[in-house]
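# Observations on chain architecture
One letter stands for each residue in the lines below.
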Amino acid sequence: MMALRAAVVNTSGRPLLSPAGRAAQVGRLASLGVRCEEMGPDEQESGPHGYSVATAERRAEVLAAALTSPDYPVVWAAQGGFGATEILPRLAGLLPVTLPPTLFVGFSDSCALGAWLATHRPDVGFLHATHALDPRLLTGRRSDLAALLRRLHGAAPPVTGTTTFAAQPGRRVEAVVTGRAVPLNLSVAACLTAVLTPPARAVLLLEDVDDDLRRLLRALDVLACAGWLRRARAVVLGEFTACRDERGGALDVTRLAAAVAERTDAPVHLWPEFGHGRARTPLPFGLSLRLEQRPNGTGTLGPVDASPDPTPKELRVP
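Residues numbered from 1 in each chain as written. Predicted model: local features only at pLDDT ≥ 70, side-chain atom pairs only at ≥ 80, totals over all residues. Heavy atoms only, no water.

### Side note on the confidence of the model for the protein chain
- Confidence along the protein chain averages 92 in pLDDT terms, with 95% of residues attaining 70 or more.
- Across residues 307-318, confidence stays below pLDDT 50; counting only partners more than four residues off in sequence or on other chains, it has 22 contacts. (pLDDT = per-residue confidence, 0-100. Contact = heavy atoms within 4.5 Å.)

And the structure:
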């Protein structure tokens, strides 16, 4: 079977793997049916600060070249970090009116690019999933890697799980809601409110990493002021890896859920199956989801239309 070609672009931070580590990861992905081709910018290209590879202009040019090429059905962010939001003001002017059908893959910082592309360019989809050159891509849960590979090859494995939900005293919250998945990093989502309107009936799936409670609360306030929380059908909180409370200790995500519940009438679920930890469920932007609350405080998350996974056996991770 012919391998799927994927353009790997350094959209954000500096490489997390050594050159040898990157070569090994690319080789392993090739053995799994995905031929990754690194397009740069090269890690030696320096930018105005030390957070990102190259300048924002250079990264935007490389990403635009990948998106406009008919040779790459998948454009995969190399790693996260910092710098994707710098690209957005520059990217629109570099793209033609129409693009080849493309799936952009990434999360964390690069979710800014994926969400913007999926919202503004009908020919581009966005899969919220681990970066191509992230060390945890091959060391995380096998089920997440398997689902990611199936998505890359055009299959649609169902997204399902058991949630807990935050109590919202004094409010009438719908027990069953359906909507369209909008998976984002919370801090990055706050930066997008001026350039992006979520799809109608959005289910906001939010996660974050290495941040303080006060900054997360501020990001929630930005989403509230922009109307995102008011218009959302539901809010689902994933992992908030290495995030800290006001005393510098590990953040209890139930506290953040309570803060979300104060800012919206939509149901608030906790589902630690996506984020920066070991659990990284691939989440397609715009996926139709159904969420249900049970009387015992748990809930379910799943597809609106449960259909079997059509992935052929030869695409499954050994």
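### Examining the nonpolar core
- Leu63, Leu91, Phe104, Leu184, Leu192 and Leu237 are the most contacted members of the largest nonpolar core, which totals 60 residues.
- Discounting residues that sit within four places of it in the chain, phenylalanine 104 has contacts with Leu63, Val75, Ala77, Ser110, Leu113, Gly114, Leu117, Val124, Gly125, Phe126 and Leu127.
- Leu29, Leu103, Val105 and Leu145 belong to the second largest nonpolar core, which has 23 residues in total. (Core = buried A, V, L, I, M, F, W, Y, C linked by side-chain atoms within 4.5 Å. Buried < 20%, exposed > 50% of the residue type's maximum accessible area, 1.4 Å probe, protein only.)

### A few points about the sheet that holds strand E12 (residues 288-293)
- If you trace the seven strands once around the closed barrel, you get E6-E10-E9-E8-E7-E12-E13, paired in mixed fashion. Averaged over all adjacent pairs, the angle separating strand axes in this sheet is 35°, with direction ignored.
- Sheet topology places strand E8 (residues 202-209) next to strand E9 (residues 234-241); six bridges connect them, and they run parallel. Looking across to E9, one finds that leucine 206 is bridged to leucine 237.
- On top of the sheet, helix H9 (residues 253-263) reaches E9 and strand E10 (268-270); it is set at about 150° to E9, its chief contact. (Pairing = 2+ DSSP bridges. Helix = DSSP H or I, 4+ residues; strand = E, 2+ residues; numbered from the N terminus. Axes fitted to C-alpha atoms, helices over the stretch in contact; angles between N-to-C directions.)

### Considerations on the packing of helix H3 (residues 84-91) against helix H4 (residues 111-120)
- For the pair H3 and H4, the least separation of the axes is 8 Å and the interaxial angle reads 35°. Judged by residue contacts, Ala84, Thr85, Ile87, Leu88 and Leu91 of H3 engage Ala112, Leu113, Trp116 and Leu117 from H4.
- Residue composition of the contact of H3 with H4, grouped by class: eight nonpolar, one polar and no charged. (Nonpolar A, V, L, I, M, F, W, Y, C, P; charged D, E, K, R; others polar.)

### A word on helix H7 (residues 213-225)
- Given a rise of 1.5 Å per residue, 13 residues ought to cover 18 Å, and the 18 Å separating the end C-alpha atoms of H7 matches this to within 8%.
- Where H7 is concerned, the buried positions are Leu213, Leu216, Ala219, Leu220 and Leu223. End-on view of H7: buried residues confined to an arc of 120°, all on one side of the axis. Exposed residues lying more than 90 degrees from the buried face of H7 are Arg214, Arg218 and Cys225. (Expected span 1.5 Å × (residues − 1). Arc of directions from axis to C-beta.)

### A closer look at empty space enclosed by the protein
- For the coordinates displayed, the defined rule picks out two cavities of 30 Å³ or more.
- Considering only enclosed or pocket space, the largest cavity measures out at about 90 Å³ in volume.
- Lining of the largest cavity is provided by 13 residues; of these, Thr130, Leu137, Asp144, Leu145 and Arg280 occupy positions nearest its centre.
- Grouping the amino acids of the lining of the largest cavity by side-chain chemistry returns five nonpolar, three polar and five charged.
- Approximately 40 Å³ is the volume attributed to the second largest cavity.
- Along its surface, the second largest cavity is lined by Phe107, His128, Ala129, Thr130, Phe274, Gly275, Arg280 and Thr281.
- In terms of residue class, the lining of the second largest cavity is made up of three nonpolar, four polar and one charged. (1 Å grid on protein atoms, 1.4 Å probe; cavity = no way out; pocket = protein on both sides within 12 Å on 5 of 7 lines; lining within 4 Å. Points joined across faces, edges and corners; volume = space filled by probe spheres on them.)

### Remarks on unusual backbone geometry
- Residue proline 41 is bonded to the preceding glycine 40 through a cis peptide linkage, with omega at -5°.
- Position of proline 41 among the secondary structure elements: in the loop between strand E2 (34-40) and helix H2 (56-68).
- Positive phi, normally seen in glycine, also occurs at alanine 54, with a value near 60°.
- Relative to the helices and strands, alanine 54 is located in the loop between E2 and H2.

### Observations concerning the pattern of salt bridges
- Under the criterion given, the structure shown has 17 salt bridges.
- Across the pair arginine 5 and glutamate 37 runs a salt bridge whose closest N-O atoms are separated by 2.9 Å. Taken as a pair, arginine 5 in strand E1 (residues 4-9) and glutamate 37 in strand E2 lie far apart in primary sequence, 32 residues in all.
- In this structure arginine 5 comes out as partly exposed when scored by relative accessible area, which is 26%. (Salt bridge = Lys/Arg side-chain N within 4 Å of Asp/Glu carboxyl O.)

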